Structure formats: structure tokens, C-alpha cells
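Below are the chains, spelled out letter by letter.
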2 protein chains.
Amino acid sequence: MRPEIVLFGDSITERSFQSGGWGAALADTYSRKADVKVRGYGGYNTRWALFLLHQIFPLDSRKPPAAATIFFGANDAAILGRTSERQHVPLEEFKENLRKIVLHLKECSPTILIVLITPPPVDEEGRNEYARSLYGEDARKLPERTNEAAEVYAKKCLELAEEMGIRSINLWSKLQETEGWQKKFLSDGLHLTPEGNAVVLQEVVRVFKEAWFSADEMPYDFPHHSVIDGKSPEKAFEQRCI
Amino acid sequence: MRPEIVLFGDSITERSFQSGGWGAALADTYSRKADVKVRGYGGYNTRWALFLLHQIFPLDSRKPPAAATIFFGANDAAILGRTSERQHVPLEEFKENLRKIVLHLKECSPTILIVLITPPPVDEEGRNEYARSLYGEDARKLPERTNEAAEVYAKKCLELAEEMGIRSINLWSKLQETEGWQKKFLSDGLHLTPEGNAVVLQEVVRVFKEAWFSADEMPYDFPHHSVIDGKSPEKAFEQRCI
């Protein structure tokens, strides 16, 4: 009965149900109104995500999702020739992969609300500190991800959203509007702190609202307890069938 | 593909995706292994919950839940003749309603793992403080819920679990094992603090594990990114079909 919101993405989506995470907070925002299903795959890029598409979003579903966030790019933008190059996807392929994902979702449901989220900015110093905390002196000297690359992939993501007429969130830009974003919003130069998660939540809720998919305007799945008559509770439930 | 865990209960379940909540933490524990669906209805007792059963757990579902928690009683145990008496359900009816819920779930799926959770203890002084914070001098003088009543309902819940041979969590007793449980685990004498939520999480995870439904032993839905060959990614996904 409840509409479903699917969060499709990489580790920033996978971890969104950790304490303070944007996915759990979104589920709470849509409490008793919509279900939030996490489909986040740490380390995945858009090329690998394509292998999952038909299983996560089967074309013959009787009840396709009402809304979906597509949140990739942080891995696609890993730099060639550096330690994470295995995850790298060339820029134009990244865009075409995103296009395939969007087209597949639209084939699942012509009315689905799709929101493309750009990768977040990268704090290279934060990445370095994180690498040193793991590997000490053996940590790679050159950053495996740069903010410059993240920007290019973010722009490509926005370009596709514009071309396809779908909604988007420029997270790369949004997070950098706040002074001290590097430590305030990112825990290791790439993944989100609770404050960073709060920004994602706020942006997703804002865009959903603009698309008339606001929790405030959606009905509860069942009557609020305060309208149930203690002596004749059946009345509250019968009314739903009129 | 992923098995589904349904959390069916009252406000303590409904609020379980708030920050620090046990539901969100359970979803994170089963990340990429099982989906957690919240079906919590603030203020509901077991009598009203029966009206929802067939819609939440349809008998003709092609994919019934693999596991469910049933977590009612806090409202059923509201005292007759006091401010929350509308929510009161007589003790024997409470037990029979729980039995109906369990039998319905078993009809949905003979293999479903059902865990009955007792209502938490009540800190009457905490309830009083909360009432005074809302209504000041107009607050009711007599508690609408007592720890004595909560105990009786908790025992009835355990009695049913024993009779039906299903698993249970004695939350009423468990929370009171810790000194200062009144403030440590309860925010308003009834609902859970993040620490109280952590206890529920720990207990649910423990009982699921005892029932061989442990996240540690469940496969990921798709390959971990580290096993994907950057040059031939299809191999990692083909292996799933063997």
C-alpha cells in the first residue's frame, strides 16, 4: 500500500542507515507514509551498478518504486594510475551509465520520481590523513581521488539530469557553501559526518517536496490512534473503504 | 531477493528509525543482507492492531517476511479509569490478540521467525514529570500507566510465547537489570532513549542469531566490490548464476 522510495548508490548510500545517516532519517521523515529501501553498494561505480539493475528494479514488478535517488560518481571519479584506479570509469561512460540507469527506471515506471545526486566534494587532505591512519608511512603519496575530478563528474551528472529533464542535487557544490566543509561534513575526506548526512537529507526532502512528493501531504497508511473510538474501533477502519 | 524483517508494534516500533533508534540500527546490521520494514503504530493496542493484520501481512503474498518482531503491550496496559483508558485492553484479551497475530503470521509463512517483545518497564515518576511538562498543574494526579501493570502484561506475553513455542524478549525485566534504568533507558518514563534502543537492538540481534538468522552468516545480495575484477567485472556477477 505504501509507496516505496529506493536509494540506489555506493557506500554513501549503503552507510545511510548508520547512526545519524540520511537514509534512516528519510525513512523516519516518511514514517507511516512511504517505505525506504536501501540499495547501496560500497565501492561500486556506475559500470558495476549496471549489472544489478534488472535484479533491483525488475521490469515486471507489480509495484515499482514511486521514487528513487541515484547517487554514484565518488568511485567512478577515482584517478587513473593511482591506488583506486580499479574503480575508475571514464567520464563519458559515467554519463552514459547514468543514462542507462535512468532509462531503465523509467521503463519500470513512467511516473517514477528520479533524483540524481552528484558525488560529494573530496577533501584531499582528509583522504591523506585517513590513508596515513590506516597505512602509516606506506600510505600512497598521491591522492586517489581529487576534488577537481569530483567536480568534473558532478558537472557531468548535472548535465545528464538537464538533458533528460530530471531533478538533481548538486551535492558537490552545496557542501562547499559552508566554511569548514572539509571536516564539518566529511569524516575521511569523502564519506559523510552526521552533519553531512543532515545536508543530504535536507536536500532530498526539499527536492521531493518540489516534486509534490512531500511527507506532509501524504496520508497515513492507517488511522492515527487519536481518531479511533475506544468503544467502536471498527468505525475508524471502515472509513478507509468508502 | 533479500529476506524481509517486519517490525510490527506501537510507538516504540514507529519511532525506531529516529536518531539512535533500534530499527535503523537493525537495518544497518543486516545491510545488504535483509530489508527491514517498519510497521509501527503509535498509540495502538493489540485490539486495534488486528484491524491491520491482513493488509500488512496479506495471506497471498508471494514473498512473506522471513522474520517479524511483535512488540505491543505498552498501550494495552494503560490503566482503566485513568487518562489513557481508551487504549486499555483486558489482560486475557491482550493474550488472545497476540495469539491471533502469531497464528496469522504463521499462516502467511510456516517458516517465519517470530519474536515477541514484552512492553518495557514504566517509570511512573518519569511519566509524571513528562505530564507536568506538557500540562503543568492540570496534569493528572494518578499515573495512567504503572510498572506493576506493565509487569503483568509482560508476563502474559512471555506465557503466550512459551505456550506457542516461539521466541521472546523480556524487555521489561532486561531493562531493569541496570541501575538507573529509569532515566538511562527511558526518555519520558515509557519511550526509549538511544541507550534503551541499543538494548533492544542487542536483544533482537541475539535472539535472531540464536534462531540461525544471523547477519554474519548471511550472504551479501551482490558481490563485495573487492572481488570485482576491474578488467572483467562480468565474471563476479556471472558466478552468482552457477
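Everything quoted here is computed from the prediction, not taken from an experiment.

1. Examining unusual backbone geometry
Residue and element names in this part refer to chain A.
- Phi angles above zero are rare outside glycine, and Arg32 is one such case at about 65 degrees.
- In this structure, Arg32 sits in the loop between helix H2 (22-29) and strand E2 (35-40).
- Classification of Arg32 by relative accessible area gives buried; the value is 3%.

2. Overview of the interface of chain B and chain A
- On the chain A side, the residues contacting the 39 residues of chain B number 38 residues.
- The junction of chain B with chain A conceals about 3,400 Å² of combined surface from both sides, 55% of it contributed by carbon and sulfur atoms.
- The largest per-residue losses of area from chain B upon contact with chain A belong to Arg86(B), Phe222(B) and His225(B), which jointly make up 16% of the total buried on that side.
- At the boundary of chain B with chain A, the tally comes to four salt bridges.
- With a shortest N-O distance of 3.6 Å, Arg32(A) and Glu14(B) are connected by a salt bridge.
- Connecting chain B to chain A are 14 residue pairs in polar contact (both at pLDDT 80 or more).
- It is strand E2 (residues 35-40) of chain B that contributes the most residues to the side of chain B that touches chain A, five residues altogether.

3. As for the packing of aromatic side chains
- Counted according to the given criterion, the structure contains 25 aromatic pairs over all chains.
- Between Tyr41(A) and Tyr44(A), the ring centres sit 5.5 Å apart and the planes meet at 50 degrees, which makes this aromatic pair tilted.
- Given the relative accessible area of 0%, Tyr44(A) is considered buried.
- By way of ring pairs, the aromatic residues Tyr41(A), Tyr44(A), Trp48(A), Phe51(A), Phe222(B) and Phe237(B) are connected into one cluster.
- A cation over a ring is seen here: Arg32(A) above Tyr220(A), with NZ or CZ 4.6 Å from the ring centre.

4. Here we look at the sheet that holds strand E4 (residues 113-117) of chain B
Residue and element names in this part refer to chain B.
- Spatially, the five strands line up as an open sheet ordered E2-E1-E3-E4-E5, and their pairing is parallel. At either end of the open sheet lies a strand with only one pairing partner, and these are E2 and strand E5 (167-169). Sheet twist, expressed as the mean angle between neighbouring strand axes with direction ignored, is 20 degrees.
- Strand direction decides the pairing type here: strand E3 (residues 67-71) and E4, joined by four bridges, are parallel. Residue pairing across strands places Ile70 opposite Leu116, the latter belonging to E4.
- Each of strand E1 (4-9), E3, E4 and E5 is contacted by helix H10 (residues 194-210), which is oriented at about 165 degrees to E5, the strand it contacts most.

5. Comments concerning the relation of the copies chain B and chain A
- The transform that puts chain B on chain A rotates by 180 degrees and translates by 0.0 Å along the axis, for an RMSD of 0.0 Å. Put plainly, the chains are arranged around a two-fold axis. Of every C-alpha in chain B, the one belonging to Ala24(B) sits nearest the axis of rotation, 2.9 Å from it.
- When the interface residues of chain B are mapped onto chain A, 97% of them are again interface residues, pointing to one common binding face.

Analysis parameters
- Residues numbered from 1 in each chain as written.
- Chains lettered and ligands numbered in written order.
- Predicted model: local features only at pLDDT ≥ 70, side-chain atom pairs only at ≥ 80, totals over all residues.
- Heavy atoms only, no water.
- Helix = DSSP H or I, 4+ residues; strand = E, 2+ residues; numbered from the N terminus.
- Buried < 20%, exposed > 50% of the residue type's maximum accessible area, 1.4 Å probe, protein only.
- Contact = heavy atoms within 4.5 Å.
- Buried area = accessible area lost by both parts, 1.4 Å probe.
- Salt bridge = Lys/Arg side-chain N within 4 Å of Asp/Glu carboxyl O.
- Polar contact = N/O pair within 3.5 Å; in protein donor to acceptor, adjacent residues only side chain to side chain.
- Phe/Tyr/Trp six-rings, centres within 6.5 Å; stacked < 30°, edge-to-face > 60°.
- Lys NZ or Arg CZ within 6 Å of the ring centre and 35° of its normal.
- Pairing = 2+ DSSP bridges.
- Axes fitted to C-alpha atoms, helices over the stretch in contact; angles between N-to-C directions.
- Least-squares fit on C-alpha atoms with pLDDT ≥ 70 in both.

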